[in-house]
Structure formats: structure tokens, C-alpha cells
Amino acid sequence: MNSVAPILDVNNLTVEYQVKTKGKRGVRIARAVDGVSLKIRPGETLAVVGESGSGKTSIANAIMRLIEPTSGSIMLDGKELTKLAGKELRLARSKFQMIFQDPFESLDPRRTVLDTILESLVVAGIGIDDAEKRKLALEALEKVGLIPAENVGARYTYQLSGGQRQRVAIAAAMILKPHLLVADEPVSMLDVSLRAGILRLMRELSRELQIATLFITHDLSLAWMYADRIAVVYSGRIVEEGHPADLISFPQHPYTKALVSVIPVPEKNIARNRIILSGEIPDPLEIPSGCRFSPRCPKYRALGQPELCISSDPKLESIGDQFVACHFPEKKETK
Amino acid sequence: MTTNSNDFELREAPETQLSILGKIWQDRMGRIGLLMTVSVFTISIIGPMIWPFDPAAVGADASSILQPPNSQNWLGTDELGRDVFSQFLQGSRVSLLVGVTATIIATVIGAGIGISSGYFMGRLDTVLMAITDFFLVVPSLPLMIAMGSIFGQNLTVIILIIGVLSWPRNARIIRSQTLSLRERKFVPRAKSLGATDLRIIRKHMIPHVLPLVVANTILVVAGAILAEATLAFIGLGDPDRISWGSMLHFAFASGAIGRGAWWYFMPPGLGILAIVLAFTLLGHSFDRINNPRLRDAA
Ligand SMILES: Nc1ncnc2c1ncn2[C@@H]1O[C@H](COP(=O)(O)OP(=O)(O)OP(=O)(O)O)[C@@H](O)[C@H]1O
Ligand code: SF4
Ligand SMILES: [Mg+2]
């Protein structure tokens, strides 16, 4: 798989928001995404994992061009998305599709399921007649397991359950044969029992249609099960990236280690040291100097607060198959 | 809790036009308003067909002038000896015509400005809302009178003037609704599909603001009818068309009111009252049913 060239290639993506402040006049800059680079190959699923406020949605929206990135490049299919604008951007959109977090909000309740799916085709300007569009839409519904398609298609979206709606959203995205699918917390609003089905469906379709998938979640265990690679983000930065098995069995960044330590595991007798982090993710208005994780880092304290951690911002560097942004990564030998 | 995507549980049935009418019917004020509105329309459409008014049929002598109701003239005669009853029926048409067409104009302008303002936001919003606020605070009656005397007295001009001065409230309410709709995630979703702004407005905004537009429209009708009556009463009506307002004007100008000819001025006066009341009741009822919260937000 590594021989295949990535279809999505994001470099140094930065997203800043202007925040109006009370009292003092003027605006301050909140840097929600700070130099994120990631690559995804066709058929591959990359999970971006991080806690609330780490900048996941900002990454997704910037790649989707729903917000303007402050800087950085987003190459899809060798085309620079950040340079597209107006009509050109609109017509390119069918190639990168998004599944939104809240299926109760993201589908227009005044339209039917079939209309919702047809809209994808109409908007993309696919030049086929109505009967053919309808046939494609019904096939798409069947493909995501909404059968009998005719029957489901005639319903209003608000008549469906959350899981069914998310399947509609997947069908509407997949019908355009996108090269990239961005799914921002696609199952966090759904009943636990429905999550696996949706994620499995997304993964199957992404493999079958060779779609690069960016799967955003705050749940490391879901990333572990449904992704080919995981990137852990903290405060707008990727702090560790690697294959799920490696990353989970041997996290090298202290933050990842803490996240892994609290994943629920069925076997009770496995001795586990749960690492509970104190404090909160930094305010993007005031990112700590040096390593941004240092105020919460157990290792920083264990090592006696080394100067390096607060004087220098660690870069994401490759260690074996993994990438880690820490001055003192865990070493295999020391274990 | 089921993982089987096939078994559907139907949620509440889709809201149909009928169920909205049904809900109005449940509401006591709404029912009265609905009955009154339907009666007024029926009378004004059918009435003049059965009892046509002939403005040239003036009385032959003084004995036929300002006669109280009798078997020939059910509502008596006016200062020229013409039948008041058929005049009253005919006059209702102008009131309704002005009310409805001026409202359509006000609604199109108001919805257009409200939706563009709320959807595009930014500088366009600032400019459009400044204009809206200007029209909102400017006293519209003196402005109508001024415009009426400048642009002349014919029905088309009157309709245009009333229409053009009645949209600001519409625009404000629809803008606030559009602003909140814009936050719904189906808007960025449509955008991420590649939908144009025009398409998003047509397919995802208008269907949602429509009920509100209708509710508000009903209220505007009442205002427009009152505005026409006022203009006609002070003598700025279309001299070629009889309306309830102009009947009042002539009743007043001819001294009929001073002579106690109640049969001349009471019918148009009560007619205006009834029609305005009907639309106001209906509009408020519709509004309450549709959007209990929005009235405070606007
Ligand atoms: N429009 C905005 N204006 C100002 N700050 C914003 C804006 N959107 C997001 N932020 C800030 O940027 C940071 C990252 O937000 P983002 O929504 O990308 O995080 P997230 O990882 O998706 O969080 P969650 O898990 O809660 O969805 C947060 O601190 C948030 O407060
Ligand atoms: S660089 Fe220092 S503070 Fe940052 S994660 Fe590594 S050990 Fe912790
Ligand atoms: Mg988010």
C-alpha cells in the first residue's frame, strides 16, 4: 500500500480565527490548527483523534473549504484546493465529500430521502436524464442498506432514525464517486449499538471505491478498530502518527500514552496504569511556549521539568514507523 | 434499539397545508377570523354580480337623495340618490384588491431583502438593514399621503405606494429566521456538495421561511386595507373607483354624516372594521400556531 501515491496531501495547514475580545479593543488570533500535515492514499482511512477543542473540526472544514485556511496547502489528486474559488471550486466539490456529525441537523427535514440523494447528482451537474438519476439514487440507497429503496426514498428525512439518516448522508456522498471522504465524528450522535454498522459501511465503501477517508473522532478505540492509520492531535498539532496496532500497543508520545491507558478493555485482569491527565487543553488564544503539552505532561514532571520542554517546540519526527513530536519519546528498549 | 436499518418507525406525519388550516380551526380566534375572511371574499366576489352598482343611476329629484333604507334601496341612497347597498358590495372589491396586491408586493420585497440580508450577511446585511430600519421608523401614513399627492390618484399608484411602504417588518422577521436557518448544518452540507447560493436559498431556505411569510402576509393585508381606506377617506383615493374608504369620504364631504345618514357611513365603516379584524385574527392565529417563539425574536 505504501507504494501508492497519496491522493490527499495536506501540508502545514494552519487555521486561525479572529476572536473579538471584550474590554480591550480589537481582535485576537486563536490558532486552532497549527501546521498540520497529513497524507491519505486511495482506499485508506486515516483517523484524526483528539479531545474536544483540539482542532479536529477546523481541520475537516478547512480541507472541505468550508472555512478558509490561514496558510498551508491542500492537494487533492495533484490539484491545489486552496487555490480554487467560485465556480471552479463548486464544480470540484463533488470529488471531496463530507459526512457531518449530526445527522439530525445536516439533512434538510423538509425534503425526502430520494430528493436528498438526487440533490448530489443535480448539483454536481451530472448530465444524465431524470430516470437514470433516480435509478442511481435507488442503487445508492440499496448499497448503504436502506431497503426497500423505493420505500425509504419516499420518506422525509426527519422520519428516519439517526443511523438511517447517516446512511442517507453516506449514500449521498458516495454517489458522486468522490476521491476523498471527510467524516467529522460521524457516529458520536448515534446510539452505541449503531456505530459499528455505520463505520464498517464507511470502511467497506472506501476500500471498494478506493476513496481516501479522513475519519475524525475523539474516541481512540474507534480509530483503532476502523482506521488504517491514526494521527493524534493536541492543541492544533499532530503529536503522534502511526499504524493503529503500533500506536496502541506502544504509544511513544506521553499524550497518546495517556489516551491509550484509558481505553476500556474487556480483559479485567490485565494490569493497567490509567493515566488521568490534569488540567485542560490549552486555549488556542494562549498556546504554551515550547512543548504545548508540557503543562499537563506527566513525563515532563517525572523527568524533573527539563528546560528543553519549555524552551523548544518539538517537531514531528519519524521514529521507526511512527511519527512523534516529543523531546523525550518512549523508547522500546526501556520497556 | 435496533441495528436493522429496514424496519422503519414512522414519526409524526408530515405537516400538510390541511393540518395548518385544521389547527387554525381549533383555535377560537383563528376560526372566527377564517369564517369572517371567507365570508368577506364570498360577498365581494358574488355580491356585485347579483346586485350590480350603476354609478350613473343618479336620483331624478331631491326626494330620492339620502333616503333611509327601504324596500327598494336596502341600505338607502347616497347624496346623489344612488343605491348604497350595491355601492357597498362594489366597494369591498377595491379594499380586497388593494389589500391583496399591495401585500404581494410587500411580501416579495420583504422576503427578498430579509433572505438576502440574513443569508449573505456582512456588508450587504448592514446596508439592507439600515434601509429597512429607516422605513420602519419613518411614519408611513404621512409618507403615503405625501407620495399619494405627488404620484396622483389611481389605483395602481395607490397599490404600489402601500406595497412599497409595508415591507420592513416582513424583512426584519424573515431575516432573523434566515439567520437561524443558516446555522443549521444542512446549509454547509449543501454547500459542500457544490450547491450555488441561489440553489441553497431556493431549496433549503425558502421552504423553511414560507410558513412565516404566510403568517406575516395575512397581517400585512389588514394593514394595507386600512391604509387604502385612510387614503381614500382623506380624498387621495382613485376617483374612478368606489371603495369603502371613498364612500366614507363622500359621506363626510357631502355632509351626510352631519345629517345623520347612518345607512350611508355605517356599512363601509363596519365593513373596514370587520375585514381588518378578520385578517388580524387569522394572522395572529396562524403565527401562534406556526412559530410560538419567533415573534419575540424578531
Ligand atoms: N469560529 C470560531 N471562532 C473562534 N474560535 C473557534 C471557532 N471555531 C472553533 N474555534 C476554536 O478553535 C478550537 C478548535 O475547535 P474545533 O471545533 O476545531 O475543535 P474540535 O476538535 O472539533 O472539538 P470538538 O470535539 O468539541 O468538536 C477551539 O478552541 C474552538 O473554541
Ligand atoms: S516534549 Fe516534554 S513536555 Fe512535551 S510531550 Fe515530550 S516530554 Fe512532555
Ligand atoms: Mg468538532
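Rules and cut-offs
- Residues numbered from 1 in each chain as written.
- Chains lettered and ligands numbered in written order.
- Predicted model: local features only at pLDDT ≥ 70, side-chain atom pairs only at ≥ 80, totals over all residues.
- Heavy atoms only, no water.
- UniProt positions renumbered as here; feature names shortened; annotations may be inferred.
- Axes fitted to C-alpha atoms, helices over the stretch in contact; angles between N-to-C directions.
- Helix = DSSP H or I, 4+ residues; strand = E, 2+ residues; numbered from the N terminus.
- Parallel < 35°, antiparallel > 145°, perpendicular 65-115°, else oblique.
- Left-handed = near helix turned anticlockwise from the far one by under 90°.
- Contact = heavy atoms within 4.5 Å.
- Nonpolar A, V, L, I, M, F, W, Y, C, P; charged D, E, K, R; others polar.
- Near = heavy atom within 4 Å.
- 1 Å grid on protein atoms, 1.4 Å probe; cavity = no way out; pocket = protein on both sides within 12 Å on 5 of 7 lines; lining within 4 Å.
- Sits in = over half its atoms within 2 Å of the grid points.
- Polar contact = N/O pair within 3.5 Å; in protein donor to acceptor, adjacent residues only side chain to side chain.
- Areas by Shrake-Rupley, 256 points an atom, 1.4 Å probe, with all protein chains shown as cover.
- Pairing = 2+ DSSP bridges.
- Buried area = accessible area lost by both parts, 1.4 Å probe.
- Salt bridge = Lys/Arg side-chain N within 4 Å of Asp/Glu carboxyl O.
- Expected span 1.5 Å × (residues − 1).
- Buried < 20%, exposed > 50% of the residue type's maximum accessible area, 1.4 Å probe, protein only.

- What UniProt records for chain B under Subcellular location (unreviewed entry) is the sentence "Cell membrane".

- In the Sequence similarities (unreviewed entry) part of its UniProt record, chain A is described as follows: "Belongs to the ABC transporter superfamily."

## Overview of the packing of helix α2 (residues 28-50) of chain B against helix α3 (residues 84-120) of chain B
Residue and element names in this part refer to chain B.
Now for step 1: Viewed as axis vectors pointing N to C, α2 and α3 meet at an angle of 135°, and their least axial separation amounts to 8 Å. With respect to each other, α2 and α3 are oriented oblique. Where α2 crosses over α3, the handedness of that crossing is left-handed. Contacts between α2 and α3 involve V40, F41, I43, S44, I45, G47, P48 and M49 from the first element and L89, Q90, S92, R93, L96 and V100 from the second.
Now for step 2: For the contact of α2 with α3, a count of residues per class yields nine nonpolar, four polar and one charged.

## Topic: the site of ligand 2
Residues and elements named next belong to chain A.
Now for step 1: Taken together, H253, P254, C291, F293, S294, C297, Y300, C309, C326, H327 and F328 make up all the residues around ligand 2.
Now for step 2: The site holding ligand 2 turns out to be the largest cavity.
Now for step 3: Of the residues in the shell around ligand 2, the class split is eight nonpolar, three polar and no charged.

## What to know about the environment of G30(B)
Now for step 1: In this structure, G30(B) sits in helix α2.
Now for step 2: Apart from residues lying up to four places away in sequence, G30(B) is in contact with I24(B), L281(B), L282(B) and S285(B).

## Examining the site of ligand 1
All names here are of chain A.
Now for step 1: S52, G53, K56, T57 and S58 are the nearest of the 13 residues found near ligand 1.
Now for step 2: Between ligand 1 and G53, the relevant distance is 2.8 Å, taken from an oxygen atom to a main-chain nitrogen or oxygen of the residue.
Now for step 3: Contact between ligand 1 and G55: an oxygen atom at 3.1 Å from a main-chain N or O atom of the residue.
Now for step 4: Here ligand 1, which alone exposes 630 Å², has 62% of that area covered by the protein.
Now for step 5: Listing elements by their share of the shell around ligand 1, those giving two or more residues are β1 (8-20) and α1 (56-63).

## Some thoughts on the sheet that holds strand β5 (residues 79-80) of chain A
Residues and elements named next belong to chain A.
Now for step 1: One open sheet accounts for four strands, arranged β2-β1-β4-β5; its pairing is antiparallel. The strands lining the two open edges of the sheet, one partner per strand, are β2 (27-40) and β5.
Now for step 2: One ladder, built from 11 bridges, connects β1 with β2; its direction is antiparallel. Residue L13 lies in a different strand from β2, and its bridge partner there is V36.
Now for step 3: Strand contacts of α1: β1, β2 and β4 (71-76), with the helix running at about 115° to β1, the strand carrying the most contacts.

## Observations regarding the interface of chain A and chain B
Now for step 1: Residue-level contacts link 40 residues of chain A with 32 residues of chain B.
Now for step 2: Both faces considered, chain A and chain B share a buried interface measuring about 3,200 Å² in area, 54% of it formed by carbon and sulfur atoms.
Now for step 3: Two residues, R184(B) and E105(A), come together in a salt bridge whose shortest N-O distance is 3.0 Å.
Now for step 4: The tally of links from chain A across to chain B stands at eight residue pairs in polar contact (both at pLDDT 80 or more).
Now for step 5: For the side of chain A that touches chain B, the secondary structure elements donating two or more residues are β6 (96-99), α3 (103-106), α4 (113-123), α7 (162-174) and α8 (192-208) of chain A.

## So, helix α7 (residues 168-182) of chain B
Counting along an α-helix, one turn takes 3.6 residues, and residues three or four places apart therefore face a common direction.
Now for step 1: The first and last C-alpha atoms of α7(B) sit 21 Å apart over 15 residues, in line with the 21 Å expected at 1.5 Å per residue.
Now for step 2: Along α7(B), the residues that are buried comprise P168(B), N170(B), A171(B), I173(B), I174(B), R175(B), S176(B), Q177(B), T178(B) and L181(B).

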